[in-house]
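Residues per chain are reported as follows:
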Amino acid sequence: MALEERARSSLLRCRHRLEQDIKPSYLMDHMISDDVLTVEEEERIMNEPHRKDQAAALLELLLMKDNRAYISFYNALVKEAYDGLANLLHGDLPQTSPDKQNGSSDGFTSYGQTVLSEGGVPQRPVVFVSRPELVNRVREKLYRLQKEAGWVTVFGMAGSGKSVLAAEAVRHQGLIEDCFPGGIHWLSIGQLDKPDLLVKIQSLCFRLEQSLDSQSLHRPSSSLDEAKERLRFLMLRKYPRSLLILDDIWDSTVLKAFDIHCRILLTTRNRSLADSVSGAKHEVEVDRGLDENKGLEILALYTETKLQGLPEEARSIVKECKGSPLVVSLIGALLKDKPNRWRYYLSQLQKKQFKRIRKSSSYDYDALDQAMAASIEVLPDEHRELYKDLTVLEKDIKIPAKVLSVLWDLEPEEVEDILEGFVNKSLLFVDSHNKPCLYYLHDLQLDFLVEQNRTQLESLHSKVVQQYQQYYSDGPPTSGDEECLYWIRFLTHHMAKANLSQELYSLMFSLDWVSIKARIMGPAHLINDYVEYGPILDKENSEARSQFQEFLSLNGHQLEQRPFPDVVQLALSQPRTSDVYRQALLQAQGRASRGKIYFDWLNKESVEGLSRLVIHPHQGSIYSACFSHDGAKIASCGASKTLRVFKSTSGEKLTEIQAHDDEVLCCAFSPDDRLLATCSSDRKVKVWNVERAMLLRVFEEEHEEQVNHCQFTNTTRRLLLATCSNDKFMNAKLWNLNKPSSQNSMFGHCEPVNHCCFSPDDTYVSTSSNDGTLKVTAFELDTLSSANEWKTINVRDMFAESDEGEVLVKCSTWTADGKRIICAARNAALVFDVETSGMLLEIRTNRLSTVQYCHACPTSNLLAIAFSNYAVELWDLESNKKMADCSGHLSWVQRVQFSPDGSQLLSCSDDQTVRLWETKKVHTSSAVCLKRDSDVLFNEEEIVVSAADNCNRLQVREGRTGSVLFQSEEMSSRIRCTCMCRQPSAVVLGQEDGTVQVLEVPSGKLLATLLGHTKTVLHCKFTQNGQTLITSSEDTTIRVWRWQSGECKVLQGHKEQVRCFSMLSNSPTDTRLLSWSYDGTAKLWDSESGEKLRDIEAHRGAILSCHVSPDGCLFATTSADKTAKLWHCESWQCVGTLSGHQDCVRSCRFSWDSRCIATGDDNGEIRLWSVKDGSLLKICSREGKDAMDSLHGGWVTDLHFSPDNTLLVSTGGYVKWWDVEKGEALQTFYTSGTALKRIHVSADFSTFVTIDNMGILYILYGDG
């Protein structure tokens, strides 16, 4: 069959690239193995004089061959790590059906090899013997996954060949075609903590997404739960019939990250691991190692001897190796080099002179010890010492030769030669899928080295640190390659193991290190370091450790953004007493002298921290935390498998219990606070005496899957406990603590139940399930004679059918009166009437985050919502308004709960913290409640700010100190705008009912009440002499007031609201006023006479902003029609239309020399234009989107040039400063909230004032 035309074209198109890069000799070995190339053809190609000529000859030959040859060539590129070249050919792989491809003798074809190569399945070891009985047993179990998702567990002792067995089982054409046409994806796991597991899943998702179209590429998941959801989506939606192989799983908590209802094969030493996950389960035990014949076969292959020709010692050697493929391979490698030493190596094995100090499993290591000792003994002396250095490696970590080049102070090529020798002796393993190759030890080999060198561990780790410091004396590596990743990830580990405390302090209390590690690995690894090495760091300075950890907790979400933020700028927002701030200030001052700009938040001390208390009770994610009913205690639990009780006032630990054998998913106090219930992934429910930390009851027989939630009744009339689980049917139960079995099971849900909750009067139980429903069950509390489903609310019906994915109902909560019930699903909290089941209210949130939990305040109308984007929000259920954002968590927030009196709110998160918030403080605190419509006066050193607050009072503040100079009474109508006047000292407020008031500052005396506007007053401004006040309104008019006398001119003519206006010049004698409106027109007025001088229909859409050039010649208008226009001030002719924005043009500003104009749009893009000819000079923000929906985190709402026109400041979701000439961002200041409306700038461009949507005031001072 001839080569498909598409494939032929691809080869011709890429011919030049291929000829330049490939090494034919490497590729042809694979192609000969696939029977698509003959040895004669290889020799003919190799006769060409130069590599490039050989490459050209190979490609010429390929063009004459068939589809199989193209596929084999592609697979060879993949195997030899020519990933870029392979990607060029991938899209044109022939669509040859598998059954039509010729295969190798074992029935495996090039098509199948392509599937395995792309999925990262390891190749066969150099010396391979088949184990058909075990392989067929694994394949038989895999065939059971053909029609449904499930788990196949291959378990057995260490070194028994489980990984090779798993890889061999899927090397089968029929299995791939029948069961896994979506592909086979291999992931090596090992012993991992959560940050490392996150990196593993991120890399798997990236690999899966790369095979899809470019639009499928997704930003890296920032938390484990987010990564799990992304993997679930990819496996179920994009690769529905594929197999995921998890090699070497140690921990059930790791396994649960892959509990996503797909097809999984796992290898492990622990048979019971799969008990912690849901779905069908099958298992294959590797109950013994190699049988005698297979062991002999390995020895024969190593020594290149026929089985019959093996000496009599061979059988005894295999017996001493106890069936371990690893040990047989070690001896085989020795015999390959020394074929006359059969008797010697047998005697070495039989001596058993090496005895373990301790054993980490039941496996008998004696044979391995003898084999390892013998293998090391034959190494040259200098190589023996180098091999000892490998003792410091972590299990399951693969390293490039460059790391060892630093450690051994040798050239990389020399190191590779030494490592190749270790690999040939089976003392080391190599992963050749990567380029450069990565090297690693088997767990058992590392165990051996650690035992043998236990007394030297500290010095070995110390050598690593010293060699690193010598090689990287100028600073850490930042390249992001495998070598860099190793040092950034493990340098702190080596310092801690070497007991180099001072070096560890210097490193981890350094902002430079924080910046480098966060940029390369993300903040989760850093947080983990401060927790893991906390006991060491606290000996030096516990306060500094706490400050660095808190800084990362509060800014972790910013450190996930790309482009990566300036860590020094972020650190300048820390309290002035913090070591983090002090370091940042020193660095900022030094860099400012070299031209870098930084901004200090001058008034941050006046802004109280929102979270009252931050506690780190556990290592690992915290899944649940709850108040006691008296509010004095908090209990928490999570991935650490422990239950902890601490004081709610200080965080002081009261009790800590090792509660379960697996993750503890929920904890709950009894109504009298004497008892605590816990439930776990180990399928058990336990009840504890709080005061004595004593276990009272265990319910372990009835739930067959993990128990997700537990809750006691709210009153002591009759104490009951409700639980719910991942069981298929009887998944919600009621328990009487005095009886061994459940009192009642609540039927109805056919999918896992995530949450159960008693109504306030204990007459109902609500259950929330993955089946998309919320069920309410009624029962008789005294008798429990029945538990009947009262009603079902189909929450999934509240989402459009076009919405992708399942609707999982996460939880429910009752309002205090028991009349409403609220549930969380997807990105919404839905409020239902309990009696009618009708939806009363829907709180929809950011589409990029999911609602994890919600809780209704028992004493008010507040609802707390926990999100996957690290946020906690407070909403008022009566007004359907968001009242506060509680920011600070680093990762997904798993639970929120109000205290019984509603005064406090707690939240717990995957970031290992519990945070306490004062409800009134985040709800009404004057420190964080200013409205964004504001005015600012810069008086030399004084900065005066006027703005309304959440209580609808007008405040005038001294910006630097936050001191209130004046505060009005609470107004009956909402304040919508304000402005100030120096002489006389007065402030104006405009209200929604059209009223305008002028007040004296600071006395608050009412100077004037101006009535006339019939709708909201949107803008107000004094003229230069302070005698005239101009206002505009939703009523389409502008009014010019002689405010002291009440005389008024009304400027009428606009047909829609007038949001703003401007004097045409700064001259006190020029009375011309420019106005613009949503009606698309701009008008010129004589403010003295009220006469309309000019009127033009400037745009087809609403005019959103306008600015007059400083030289008074031009003015600019911007519009919702996506254009900006330049107009002549005298002729009112349009002199230029600026087109190119892809969204509404929201803002504009001329430079001070009137030669340049900046425009900003609703997609966050800023453009710089030449005023002279309207040409585009620069597009800012083009380097890529931030981690938000737009380039600037929101609409670009305001723009200002510096006096010398070299800098530009802009507001959107945050504040950015730009280099005008280059169009590059120079600095970013991230506010706590977002959606900034405007920024006030001092005349010298040194001080900047803005207010975010959380009401926080920022006075920023620039240095540089």
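Residues numbered from 1 in each chain as written. Predicted model: local features only at pLDDT ≥ 70, side-chain atom pairs only at ≥ 80, totals over all residues. Heavy atoms only, no water.

A count of helical and extended segments in the protein chain gives 32 helices and 68 strands. Computed over the C-alpha atoms, the radius of gyration of the protein chain is 36 Å, within 12% of the 33 Å expected from 2.2 N^0.38 for a compact globule of 1264 residues. Its C-alpha atoms put the protein chain at 120 × 90 × 60 Å along the principal axes. Here the protein chain, with 1264 residues, has 59% of them falling under the buried criterion. Across the protein chain, contacts joining residues at least 24 apart in sequence account for 53% of those joining residues at least 6 apart. Each charge sign in the protein chain was given a centre, from 142 positive and 173 negative side chains, and these centres are 2 Å apart. (Helix = DSSP H or I, 4+ residues; strand = E, 2+ residues; numbered from the N terminus. Rg over C-alpha atoms; globule rule 2.2 N^0.38 Å. Buried < 20%, exposed > 50% of the residue type's maximum accessible area, 1.4 Å probe, protein only. Contact = heavy atoms within 4.5 Å. Lys, Arg positive; Asp, Glu negative; His and termini not counted. Charge placed at Lys NZ, Arg CZ, Asp CG, Glu CD.)

Before going further, it helps to spend a moment on unusual backbone geometry. Of note, the amide linkage connecting Gln983 to Pro984 takes the cis form, showing an omega dihedral of -5°. Counting through the fold element by element, Pro984 comes out in the loop between β42 (975-981) and β43 (986-991). One non-glycine residue with positive phi stands out, namely Ser837, at about 70°. As for its placement among the helices and strands, Ser837 is situated in the loop between β29 (828-833) and β30 (839-844). Of note, Phe1245 is a non-glycine position whose phi angle comes to about 60°, a positive value. Within the secondary structure, Phe1245 is located in the loop between β66 (1240-1241) and β67 (1247-1251). Residue Phe1245 is classed as buried on the basis of its relative accessible area of 10%.

Turning to the packing of helix α9 (residues 132-143) against helix α10 (residues 162-169), a few remarks are in order. The axes of two packed helices give the description: the angle between them and the distance between them. Between α9 and α10, whose axes approach to 9 Å, the crossing angle comes to 60°. Judged by the inter-axis angle, α9 sits oblique to α10. For the element pair α9 and α10, the recorded crossing hand is right-handed. Contact with α9, carried on its side by Leu134, Val135, Val138, Arg139 and Leu142, involves Leu165, Glu168 and Ala169 of α10 and no other residues of that element. (Axes fitted to C-alpha atoms, helices over the stretch in contact; angles between N-to-C directions. Parallel < 35°, antiparallel > 145°, perpendicular 65-115°, else oblique. Left-handed = near helix turned anticlockwise from the far one by under 90°.)

Another point: the UniProt feature "repeat: WD" (unreviewed entry) in the protein chain. Under the feature "repeat: WD" (unreviewed entry), the UniProt entry names residues 657-698, 746-776, 886-927, 1010-1051, 1051-1095, 1096-1137 and 1138-1179. Across residues 746-776, the secondary structure splits into 0% helix and 52% strand, with the terminal C-alpha atoms separated by 10 Å. (UniProt positions renumbered as here; feature names shortened; annotations may be inferred.)

Our next topic: a nonpolar patch on the surface. Taken together, the side chains of Phe729, Met730 and Phe747 present a nonpolar region at the surface, about 360 Å² in accessible area. Tracing the backbone through its elements, the reader meets Phe729 in the loop between β20 (721-725) and β21 (732-735). Exposure remark for Phe729: the relative accessible area of 55% places this residue in the exposed category. (Patch = residues over 30% accessible without salt bridge, like charges linked within 9 Å, V, L, I, M, F, W, Y side chains within 5 Å. Areas by Shrake-Rupley, 256 points an atom, 1.4 Å probe, with all protein chains shown as cover. Salt bridge = Lys/Arg side-chain N within 4 Å of Asp/Glu carboxyl O.)

Glancing now at the environment of Ser10. Positionally, Ser10 belongs in helix α1 (residues 5-13). For Ser10, a relative accessible area of 0% translates into the label buried. Sequence separation between Ser10 and Leu88 is 78 residues, and the spatial gap between their C-alpha atoms is 7.9 Å. When residues no more than four places from it in sequence are discounted, the contact partners of Ser10 are Tyr70, Leu88, Leu89 and Asp92.

On the secondary structure map, Ser1202 appears in the loop between β62 (1198-1201) and β63 (1207-1211). Ser1202 sits in the buried class, given a relative accessible area of 3%. In terms of polar contacts, Ser1202 uses its side chain to reach the backbone amide nitrogen of Thr1206, at 3.3 Å. If sequence neighbours within four positions are ignored, Ser1202 has contacts with Trp1152, Leu1207 and Phe1245. (Polar contact = N/O pair within 3.5 Å; in protein donor to acceptor, adjacent residues only side chain to side chain.)

Taken in spatial order, the four strands make up an open sheet running β50-β51-β52-β53, and their pairing is antiparallel. Each edge of the sheet is formed by a strand with only one pairing partner; in this case those strands are β50 (1060-1063) and β53 (1092-1097). For this sheet, the mean angle separating the axes of adjacent strands, direction not counted, is 15°. Judged from the four bridges that link them, β50 and strand β51 (residues 1072-1076) form a sheet pairing that is antiparallel. Counted as the bridge partner of Cys1060 is Trp1076 from β51. (Pairing = 2+ DSSP bridges.)

Further remarks concern the sheet that holds β30. Across the sheet, four strands lie side by side as β27-β28-β29-β30; this open sheet has antiparallel pairing. For this open sheet the edge positions go to β27 (809-814) and β30, each flanked by a neighbour on one side alone. On average, each strand axis in the sheet is tilted by 20° relative to the strand beside it, whichever way the strands run. In the sheet, strand β28 (residues 820-825) pairs with β29 via six bridges, with the strands oriented antiparallel. By the bridge assignment for β29, Ala824 is matched with Ala829.

All told, the structure shown has 53 salt bridges when counted by the stated rule. Ionic pairing is found between Asp431 and Lys398, a salt bridge with its closest N-O pair at 3.1 Å. One end of the pair, Asp431, is in strand β7 (residues 429-431); the other, Lys398, is in the loop between α20 (381-388) and β6 (399-400), with 33 residues separating them in the sequence. A relative accessible area of 11% means that Asp431 is categorised as buried. By relative accessible area, Lys398 is classed as partly exposed at 27%. The salt bridge involving Arg674 is made with Asp672; its shortest N-O contact spans 3.0 Å.

On to the pairing of strand β44 (residues 996-1000). Most of β44 is tucked away, with four of its five residues classed as buried. Pairing of β43 with β44, which is carried by five bridges, proceeds in the antiparallel orientation. Of the residues in β44, the one forming a bridge with Gly990 is Val996. Hairpin connection of β43 to β44: four residues between the antiparallel strands, including Gly994 at a positive phi of 95°. Two elements, β44 and strand β45 (residues 1006-1010), share four bridges in a ladder whose sense is antiparallel. Bridged to Val996 within β45 is Leu1010. Counting the residues that bridge the hairpin from β44 to β45 gives five residues, and of these Gly1004 lies at a positive phi of roughly 85°.

According to the stated counting rule, one finds 25 aromatic pairs in the structure shown. Each ring, one from Phe1022 and one from Trp1043, has its centre 6.3 Å from the other, and the planes form 75°; the classification is edge-to-face. In this pair, Phe1022 sits in strand β46 (residues 1017-1022) while Trp1043 sits in the loop between β48 (1038-1042) and β49 (1047-1051), placing the two residues 21 residues apart along the sequence. Considered together, Phe1022 and Trp1043 belong to a single accessibility category, that of buried residues. Taken together, the ring pairs in this structure connect Tyr468, Tyr471, Tyr472, Tyr486, Trp487 and Phe490 into an aromatic cluster. The side chain of Lys398 reaches across the aromatic face of Tyr440, ending 5.0 Å from its centre. Over the face of the ring belonging to Phe799 we find Arg826, whose NZ or CZ atom lies 5.2 Å from the ring centre. (Phe/Tyr/Trp six-rings, centres within 6.5 Å; stacked < 30°, edge-to-face > 60°. Lys NZ or Arg CZ within 6 Å of the ring centre and 35° of its normal.)

Moving on, we come to a negative patch on the surface. On the surface, a cluster of negative charge is contributed by Asp409, Glu411, Glu413, Glu414, Glu416, Asp417 and Glu420. Mapping Glu420 onto the fold places it in helix α22 (residues 412-424).

With their axes 7 Å apart at the nearest point, helix α27 (residues 511-521) and helix α28 (residues 523-532) run at an angle of 130° to one another. One finds that α27 runs oblique with respect to α28. Residues Trp513, Val514, Lys517, Ala518 and Met521 of α27 lie in contact with α28, whose contacting residues are Pro523, His525, Leu526, Asp529 and Tyr530. Counted by class, the contact of α27 with α28 contains seven nonpolar, one polar and two charged residues. (Nonpolar A, V, L, I, M, F, W, Y, C, P; charged D, E, K, R; others polar.)

The pLDDT averaged across the protein chain works out to 86; a share of 91% of its residues lies at or above 70. Across the protein chain, β62 holds the top mean pLDDT of 98, while helix α32 (residues 919-924) sits lowest at 62. Scored below 50 in pLDDT, residues 923-928 shows 19 contacts in the model against residues more than four places distant or in partner chains. Within the model, pLDDT remains below 50 along residues 1184-1189, and this stretch shows 21 contacts once partners closer than five positions in the same chain are excluded. (pLDDT = per-residue confidence, 0-100.)

Burial analysis of strand β24 (residues 764-769) places five of its six residues in the buried class, the great majority of the element. As judged from the five bridges shared by strand β23 (residues 753-758) and β24, these two strands associate in the antiparallel manner. Among the inter-strand pairings, His755 is bridged to a residue of β24, identified as Ser768. In this antiparallel pair of consecutive strands, β24 and strand β25 (residues 773-779), the connection spans three residues, and Gly772 shows a positive phi of 85°.

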